[in-house]
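Structural description and commentary
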Amino acid sequence: EVQLVESGGGSVQPGGSLRLSCAASGYTFYSSIYMAWFRQAPGKEREGVASIGIRGDSTFYAGSVKGRFTISQDKGKNTVYLQMSSLKPEGTAMYYCAAKRFGGTSLAPNEYNYWGQGTQVTVSS
């Protein structure tokens, strides 16, 4: 069973930066795993932000964040990060970390089996 714990959310002004962390455990014996960040604003559907393959380091980004957000990993710490720069007010949402074992990097929420509890990001002046 994979467990995910997010941290790093908070309030920031437009144009600012934040780094989210997702500490993962429980997948030591799996041959591969893919992880992703999603976000959900009030009244809106959950949308994919960025995905990474833990073995191959392949990454995939939503067009709305490409060039501003970076997903990365620290294998020694079993942690995935989301560095967010040039944040916009529309980036205000609950951010979730998710994981799956098969299927490659993707941003389709229904493909992911494991989810964290989320961390709130608020972008406001």
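Residues numbered from 1 in each chain as written. Predicted model: local features only at pLDDT ≥ 70, side-chain atom pairs only at ≥ 80, totals over all residues. Heavy atoms only, no water.

Points about the pairing of strand β3 (residues 18–25)
Side-chain positions along a regular strand alternate between the two faces of the sheet. With five bridges connecting them, strand β1 (residues 3–7) and β3 associate as antiparallel partners. Its bridge partner being in β3, S7 is matched across the sheet by S21. Bridge count for β3 against strand β8 (residues 79–84) is six bridges, and the pairing is antiparallel. Looking across to β8, one finds that R19 is bridged to Q83. (Pairing = 2+ DSSP bridges. Helix = DSSP H or I, 4+ residues; strand = E, 2+ residues; numbered from the N terminus.)

A few points about the packing of aromatic side chains
The description of two aromatic rings rests on the distance between their centres and on the angle between their planes. For the structure shown, the criterion picks out four aromatic pairs. Put simply, the rings of F38, Y96, Y112 and W115 pair up and form one aromatic cluster. Between R46 and the ring centre of W115, over which it is positioned, the NZ or CZ distance is 4.7 Å. The lysine or arginine in question, K100, covers the ring of Y112, its NZ or CZ lying 5.1 Å from the ring centre. (Phe/Tyr/Trp six-rings, centres within 6.5 Å; stacked < 30°, edge-to-face > 60°. Lys NZ or Arg CZ within 6 Å of the ring centre and 35° of its normal.)

Structural notes on the environment of A99
Within the fold, A99 resides in strand β9 (residues 93–100). Since its relative accessible area comes to 0%, A99 is described here as buried. On a C-alpha basis, the gap between A99 and S25 in space is 11 Å, while along the polypeptide they are 74 residues apart. In contact with A99, other than residues within four places in its own chain, are V2, L4, I33, Y34, M35, Y112, N113 and Y114. (Buried < 20%, exposed > 50% of the residue type's maximum accessible area, 1.4 Å probe, protein only. Contact = heavy atoms within 4.5 Å.)

Concerning the environment of G8
Along the chain, the position of G8 falls in the loop between β1 and β2 (10–12). Exposure remark for G8: the relative accessible area of 34% places this residue in the partly exposed category. Discounting chain neighbours no more than four positions away, the residues touching G8 are L18, R19, L20 and T119.

Here's the deal with the state of the cysteines
This model, assessed by the stated rule, comprises one disulfide. The disulfide partner of C22 is C97, and the gap between their sulfur atoms is 2.1 Å. On the sign convention where negative is left-handed, the bridge of C22 and C97, at about -80° about the S-S bond, is left-handed. Of the two residues, C22 sits in strand β3 while C97 sits in strand β9, which places them 75 residues apart along the sequence. In this structure, C22 and C97 share a single accessibility class: buried. (Disulfide = S-S within 2.5 Å.)

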